[in-house]
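One letter stands for each residue in the lines below.
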Amino acid sequence: MANPLRTLSGDGRYVADVLASIPGPVVLVGHSYGGSVITQAAADATNVAALVYVAAFAPADGESALELSGKFPGSTLGDTLKSYPLTDGGTELAIRQDAFAQQFAADVDPGTAALMAAGQRPATSAALGEGLAAGAPAWERLPSTFVLAGADRNIPAEAVRFMADRAGGRLVEIAGASHAVAVSHPAEVADTVLAAVADVS
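Asker: Help me understand the pattern of salt bridges in this model?
Answerer: Once the charged atoms of two side chains with opposite charge are near each other, the side chains can pair. For the structure shown, the criterion picks out five salt bridges. As a salt-bridge pair, Asp98 and Arg96 come within 3.0 Å of each other at their nearest N and O atoms. By relative accessible area, Asp98 is classed as exposed at 63%. For Arg96, a relative accessible area of 29% gives the class partly exposed. The salt bridge involving Asp199 is made with Arg170; its shortest N-O contact spans 3.5 Å. Taken together, the residues span a long stretch of sequence, with Asp199 in helix α9 (residues 186-200) and Arg170 in strand β7 (residues 170-174) at a distance of 29 residues. With relative accessibility at 57%, the residue Asp199 sits in the exposed group.

Asker: Please clarify how the pairing of strand β1 (residues 26-32) should be interpreted in this entry.
Answerer: Within a regular strand, the side chains alternate between the two sheet faces. Here seven bridges tie β1 to strand β2 (residues 48-56), and the two strands are oriented parallel to one another. Opposite Gly30, over in β2, you have Tyr53 as the bridge partner.

Asker: Help me out: how do you make sense of the nonpolar core in this one?
Answerer: As a rule of thumb, nonpolar side chains are buried together in soluble globular proteins. Core analysis: the largest hydrophobic core is formed by 40 residues, its most contacted members being Leu19, Leu28, Val48, Leu51, Tyr53, Phe146 and Met163. Within the residue set of this core, elements represented by two or more residues are α1 (8-20), β1, α2 (34-41), β2, α3 (65-69), α6 (125-129), β6 (144-149) and α7 (157-167). In terms of residue count, α7 provides more of this core than any other element does, five residues in total. If we ignore the near neighbours within four places in the chain, the residues touching Met163 are Ala56, Phe57, Ala58, Leu68, Phe146 and Ile155. Within the second largest apolar cluster, 11 residues are counted, among which are Val147, Ala177, Val181 and Val189.

Asker: Help me out: how do you make sense of unusual backbone geometry in this one?
Answerer: Glycine aside, a negative phi is what most residues show, and trans is what most peptide bonds show. Phi is positive for Leu5, close to 65°, though the residue is something other than glycine. Looking at the element boundaries, Leu5 is found in the segment before α1. Even without being glycine, Ser32 reaches a positive phi, approximately 60°. In this fold, Ser32 is placed in strand β1.

Asker: What exactly am I supposed to notice about α9 here?
Answerer: Count 3.6 residues to each turn of an α-helix, and residues three or four apart come out pointing the same way. An ideal rise of 1.5 Å per residue puts 21 Å on 15 residues; α9 measures up with 22 Å between its terminal C-alpha atoms. Along α9, the residues classified as buried are Val189, Thr192, Val193 and Ala196. The buried residues of α9 occupy an angular sector of 95° when projected down its axis, which confines them to one face. Turned more than 90 degrees away from the buried face of α9, the exposed residues are Asp191, Leu194 and Ala198. Next to the buried residues of α9 lie β1, β2, β6, β7 and α8 (181-184).

Asker: Explain the packing of aromatic side chains here, please?
Answerer: The geometry of two aromatic rings is summed up by the distance between their centres and the angle between their planes. Tallying each qualifying case throughout the model produces three aromatic pairs. Where Phe72 meets Phe162, the ring centres are 5.5 Å apart and the plane angle is 55°; that geometry is what we call tilted. Of this pair, Phe72 sits in the loop between α3 and β3 (81-85) while Phe162 sits in helix α7; the two residues are 90 residues apart in sequence, bridging distant segments of the chain. Judged by relative accessible area, Phe162 falls into the partly exposed class, the value being 26%. Seen from their ring centres, Phe100 and Phe104 are 4.9 Å apart, and the 25° between their planes marks the pair as stacked. In this pair, Phe100 and Phe104 both sit in helix α4 (residues 97-104), four residues apart, roughly one turn of the helix. For Phe100, a relative accessible area of 3% corresponds to the buried category.

Conventions and cut-offs
Residues numbered from 1 in each chain as written. Predicted model: local features only at pLDDT ≥ 70, side-chain atom pairs only at ≥ 80, totals over all residues. Heavy atoms only, no water. Salt bridge = Lys/Arg side-chain N within 4 Å of Asp/Glu carboxyl O. Buried < 20%, exposed > 50% of the residue type's maximum accessible area, 1.4 Å probe, protein only. Helix = DSSP H or I, 4+ residues; strand = E, 2+ residues; numbered from the N terminus. Pairing = 2+ DSSP bridges. Core = buried A, V, L, I, M, F, W, Y, C linked by side-chain atoms within 4.5 Å. Contact = heavy atoms within 4.5 Å. Expected span 1.5 Å × (residues − 1). Arc of directions from axis to C-beta. Phe/Tyr/Trp six-rings, centres within 6.5 Å; stacked < 30°, edge-to-face > 60°.

What follows is the structure, encoded as structure tokens:
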């Protein structure tokens, strides 16, 4: 499902509502900011069995994606962003078309990367800057797996290792992979998700 990308609290409620409609156990998978969303959504969900963070943020209570992104050096995302004003006074952020392939999808074939650039959905600065409000984060009580994209220019490798270590999670590193690791290395990512499912089945 697509995240609304408006606010972390609102996006988390949206996913939580979907979770409430699913009778069986669920393994939640989040990419990038989506990691913050699944962490928020799983806070009070009783049917979430595990979490998989694919080149994604796993915030602690009060932490935001922006805070985690800047916690360690290495992200070049800020220099590639273009902002758009919103009528409510906020802003939307998107990666510039000319910078998208190099920043987000450097190991994806050029045609696919161009389509991804054209079809990217902007996130609000409010969503990226909003801290998790979930009490104890779900990764403290649920098995968690982290996919580290070795050439990710959005989320520094050191940040992913930090988040995986404090969660006591399993870390799967895909060398040379961009932030679009699920597109460039679909088999490896799928195998990682299936392994997480098998572990809780």
